[in-house]
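# Tertiary structure, described
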Amino acid sequence: MDNSITLPGSDQAKTADAKAWLRFLQVFTLTLGSGLMLAGIIFFFAYNWELMHRFVKLGIAVALILAVFAVTMTVKMSDFTRKIAVSVLCGLVGVFWAIFGQVYQTTADSYVFFLTWACCILVWVYIADFYPLWAIFIVLVSMGVIPLFPDNSWFLTLLMLYGAVWTAFFIFAPKYLLNLSAPPSWFISNMFVIEFGMAVFVVCLVIFRETDMLNGGITALNLLMALVVTVATIWYSLRQKNIWLYSMLFVGALIVLECVFIKCLTHEFGGLLLHLILSTATTIGTAFAIAVQYQKWKKEKSETSTNQSVIDNGK
Amino acid sequence: MENNSHKSKHLPWPLLIVMGLGGVIIVALLVGMVAINVRDNKIVYVVFSVIAIILAIAVSRSDESEDKEVKSLLASYPLFIIGFTFGYIAGIDFLTQTLVLQFVVALLSFALSKIHLCRQMLLCYASVVLPFIFFSYFDHLFSGRAMKDGNIEMSCFAIIVAYMGIFAATIKDNWFASTAIGDYLKTIRFATAAVSVALLWFIHRDNTAFAIFFAIISFVIACILLRKYVTGKRLIEGYVLALLCCASTAAYPAMALPITGMLLSFWLLDYVCLVIFSVAFICGISFFYYDLQMLLINKSYLLMASGALFLLAFYYIKRVTK
């Protein structure tokens, strides 16, 4: 195929050229072809699954793990591709344990399955140092550990403590552990958002559930944990100048205030009017606070980058 | 008409989330307050609706600097929602006429407003309201019979064709450069793509006329592109390949439309719409294989054979382009 240039004087701005179309066709046919082929293979095994001997079933899973492991260790590939390959490897371990549970009818509780899976892949997750894989690992461990928490008033406190431990680990551990790079900002931000979300949920629950007030000590502990989490989130968002996290603080405050208004104000005209005035004032105040802070941080960042480029040019 | 809208380039999306959430709460409270006092007095709803929309347009036309955009958005966005909500409540007994009015008002508000984000939301709203006009006309807005009605299917067909036509027309962006919608082509493409894909749900899976129509459109697009970039013997091979690919999508409407959309989206390098149509295509191809009346083992052979064909096509393209 000829290489083509966008037509001179063309009225079609920003359209794909010949190279882009070639790339599109290659990606499209490769993705569709491999996807259909994989689906066909899976359906083939699914149809014949009951007829297969248990050693064959387990053998297929083990063979896949060994094949992907061999490819990861021997084939030259970019760092990112290798991390994706290790992620696939970790997924296949889960497949193996699922087949094992089905073949031997272990009737294990689901949290045992997730914990086993997580334990088996811990070393690979650590070595890969790939934060999307760490996120999946945390989910697996959580699905294994959280069902073990006692289902009483301590549940929420333990849940917040559990989240805080993970967050603290990823903030402080990279300074002391080898091969653990500093986590990207999206990772820590999302951990803080989830933790802060739990804190907001706890506060809203305390507002609405009067029965909890009978367990004064535990309620106080829950609120104290929520306060600690909130303070930590404020500290981190201001330190990192993270507008997303900063905004989520205000979203949480908005939700808590709405819960207070719904609980305390009547549902008649006067109550609704007061609620409307307070909500409007809160929303306007929140929006302005975020906008002002965003402009301030944006200005600071642009000044920092300007100074840096002046220094670099000077060198 | 000049495009002197203030662009919301500097508003971070967390701020938009906060404003969105706060706006919804304010609207809900106001609607509740009015409903308590007014109850069935539709005239009051009409008056409030008109006042809210006029105020919203007035606020969004205020000649402020970009720094004051947050203020204008905070006021105009809830006012627009209040206006349209009260309009619905007032006209709930004459739904088709109300929806037509809402559509006209949305377009008018778009023309008169100056805040970029507001205009984007109004465009999206207008594109979503249009199919609902047909649904309510055939009395299927709140019933589950919509999917069995031939009139609905024809209406959806017509809307999809119209929207895809608008989508394709945005290739010639110089046509729109001096108009009010010149800065909103991406929004138009997103809205038309999303609505077209959603309306696919109401096209019956055995509607081969629809599938053939869009397969022909895809083939025409492929031919235009091949003539632009390929010459000689390869052109004929290209035509044959394109014909085979497009003919294969003619079996199923849920595959034919997304392929057309993917070609147009990639032509315009609009990756958001490309993702929308790609997801629709994957769903379409999944439904196609699911609906096939054959044993699972035969389906697996068919899937492997289809996969092998596409992989062959991949290797062929790689070979001829070396």
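Just so we're clear, the structure is a prediction, and the values are computed from it rather than from any experiment.

What counts as what
- Residues numbered from 1 in each chain as written.
- Chains lettered and ligands numbered in written order.
- Predicted model: local features only at pLDDT ≥ 70, side-chain atom pairs only at ≥ 80, totals over all residues.
- Heavy atoms only, no water.
- Contact = heavy atoms within 4.5 Å.
- Buried area = accessible area lost by both parts, 1.4 Å probe.
- Salt bridge = Lys/Arg side-chain N within 4 Å of Asp/Glu carboxyl O.
- Polar contact = N/O pair within 3.5 Å; in protein donor to acceptor, adjacent residues only side chain to side chain.
- Helix = DSSP H or I, 4+ residues; strand = E, 2+ residues; numbered from the N terminus.
- Nonpolar A, V, L, I, M, F, W, Y, C, P; charged D, E, K, R; others polar.
- Buried < 20%, exposed > 50% of the residue type's maximum accessible area, 1.4 Å probe, protein only.
- Core = buried A, V, L, I, M, F, W, Y, C linked by side-chain atoms within 4.5 Å.
- Patch = residues over 30% accessible without salt bridge, like charges linked within 9 Å, V, L, I, M, F, W, Y side chains within 5 Å.
- Areas by Shrake-Rupley, 256 points an atom, 1.4 Å probe, with all protein chains shown as cover.
- Expected span 1.5 Å × (residues − 1).
- Bend = angle between axes of the 7 residues up to and from the residue.
- Phe/Tyr/Trp six-rings, centres within 6.5 Å; stacked < 30°, edge-to-face > 60°.
- pLDDT = per-residue confidence, 0-100.
- Disulfide = S-S within 2.5 Å.

Interfaces are often sized by the accessible area lost when the parts come together. The interface of chain A with chain B comprises 58 residues on the first partner and 58 residues on the second. Contact between chain A and chain B buries roughly 5,400 Å² in total, counting both sides, with carbon and sulfur atoms accounting for 81%. Where chain A touches chain B, the interface holds zero salt bridges. Scanning the region where chain A abuts chain B turns up two residue pairs in polar contact (both at pLDDT 80 or more). Going through the elements one at a time, helix H1 (18-48), helix H9 (243-264) and helix H10 (269-314) of chain A are the ones with two or more residues in the side of chain A that touches chain B. Here the side of chain A that touches chain B takes 23 residues from H1 of chain A, the largest share from any one element. When its residues are assigned to classes, the side of chain A that touches chain B shows 35 nonpolar, 17 polar and six charged.

Residue and element names in this part refer to chain A. Here Phe-196 lies in helix H7 (residues 185-208). Put simply, Phe-196 and Ala-226 are 30 residues apart on the chain and 7.7 Å apart in space, counted from C-alpha to C-alpha. With residues up to four places along the chain from it excluded, the contact list for Phe-196 reads Val-229, Thr-230, Thr-233, Met-248, Leu-249 and Gly-252.

Residues and elements named next belong to chain B. In the structure shown here, the tally under the stated rule is six salt bridges over all chains. Arg-205 serves as the salt-bridge partner of Asp-291, at 3.1 Å between the closest nitrogen and oxygen. Taken together, the positions of Asp-291 in helix H12 (residues 271-291) and Arg-205 in the loop between helix H8 (185-199) and helix H9 (208-229) put the pair 86 residues apart, joining distant regions of the chain. For Asp-291, a relative accessible area of 26% puts it in the partly exposed group. The exposure class assigned to Arg-205 is partly exposed, which follows from its relative accessible area of 39%.

Another aspect to go through is the nonpolar core. Membership of the largest hydrophobic core comes to 56 residues, with the highest contact counts inside it found for Trp-21 of chain A together with Ile-160, Leu-199, Phe-210, Phe-214 and Phe-281 of chain B. Broken down by secondary-structure element, the contributors of at least two residues to this core are H1 of chain A together with helix H6 (150-169), H8, H9, helix H10 (233-249), helix H11 (253-267) and H12 of chain B. Broken down by element, this core gets its largest block of residues, ten residues, from H11 of chain B. Core analysis: the next-biggest nonpolar cluster, separate from the first, contains 51 residues, Cys-90, Leu-92, Leu-205 and Tyr-236 of chain A among them.

Before going further, it helps to spend a moment on a nonpolar patch on the surface. On the surface, a cluster of nonpolar side chains totalling about 540 Å² of accessible area is made up of Leu-38, Ile-42, Phe-43 and Tyr-47 of chain A together with Leu-295 and Leu-296 of chain B. It is H1 of chain A that provides the largest number of residues to the nonpolar patch, a total of four residues. The topology assignment puts Ile-42 of chain A in helix H1.

Before going further, it helps to spend a moment on the side chain of Ser-155 of chain B. Positionally, Ser-155 of chain B belongs in helix H6. When residues no more than four places from it in sequence are discounted, the contact partners of Ser-155 of chain B are Phe-134 and Phe-138 of chain B.

The next thing to look at is helix H4 (residues 110-128) of chain A. Note on helix geometry: an α-helix contains 3.6 residues per turn, so any two residues three or four positions apart are oriented the same way. All names here are of chain A. With 19 residues, H4 should reach 27 Å at 1.5 Å per residue; the first-to-last C-alpha distance of 26 Å fits that figure. Largest kink in H4: about 50°, centred on Ile-121. Those residues of H4 that sit buried are Phe-114, Trp-117, Ala-118, Ile-121, Val-125 and Ala-128. Buried positions along H4 lie against helix H3 (79-103) and helix H5 (131-145). Residue Asp-129 follows H4 closely and has a positive phi angle near 55°.

What follows deals with the packing of aromatic side chains. Residues and elements named next belong to chain B. Tallied over the entire structure, the rule returns 48 aromatic pairs over all chains. Ring geometry for Tyr-45 versus Phe-86: centroids 5.7 Å apart, planes at 45°, classification tilted. Taken together, the residues span a long stretch of sequence, with Tyr-45 in helix H2 (residues 42-60) and Phe-86 in helix H3 (residues 69-90) at a distance of 41 residues. Taking relative accessible area as the criterion, Tyr-45 reaches 4% and is therefore assigned buried. Note on Phe-86: relative accessible area 1%, which makes it buried. Each ring, one from Phe-210 and one from Phe-214, has its centre 4.9 Å from the other, and the planes form 50°; the classification is tilted. Taken together, the positions of Phe-210 and Phe-214, both in helix H9 and four residues apart, correspond to about one turn of that helix.

Before going further, it helps to examine the confidence of the model for chain B. Residue and element names in this part refer to chain B. Taken over all residues, the pLDDT of chain B has a mean of 85, while the share at 70 or more is 91%. Here helix H7 (residues 173-176) stands out as the element of chain B with the lowest mean pLDDT, 81, in contrast to H8, whose mean of 93 is the highest. Across residues 1-8 the pLDDT falls below 50, and counting only partners more than four positions away or on other chains, this stretch makes 29 contacts in the model. Two numbers describe this predicted complex: its pTM, 0.80, and its ipTM, 0.83.

Attention shifts here to the state of the cysteines. If you walk through the whole model with that rule in mind, you get zero disulfides over all chains. Cys-120 of chain A carries a free sulfur, and the closest cysteine sulfur to it, the one in Cys-119 of chain A, is 6.9 Å from it.

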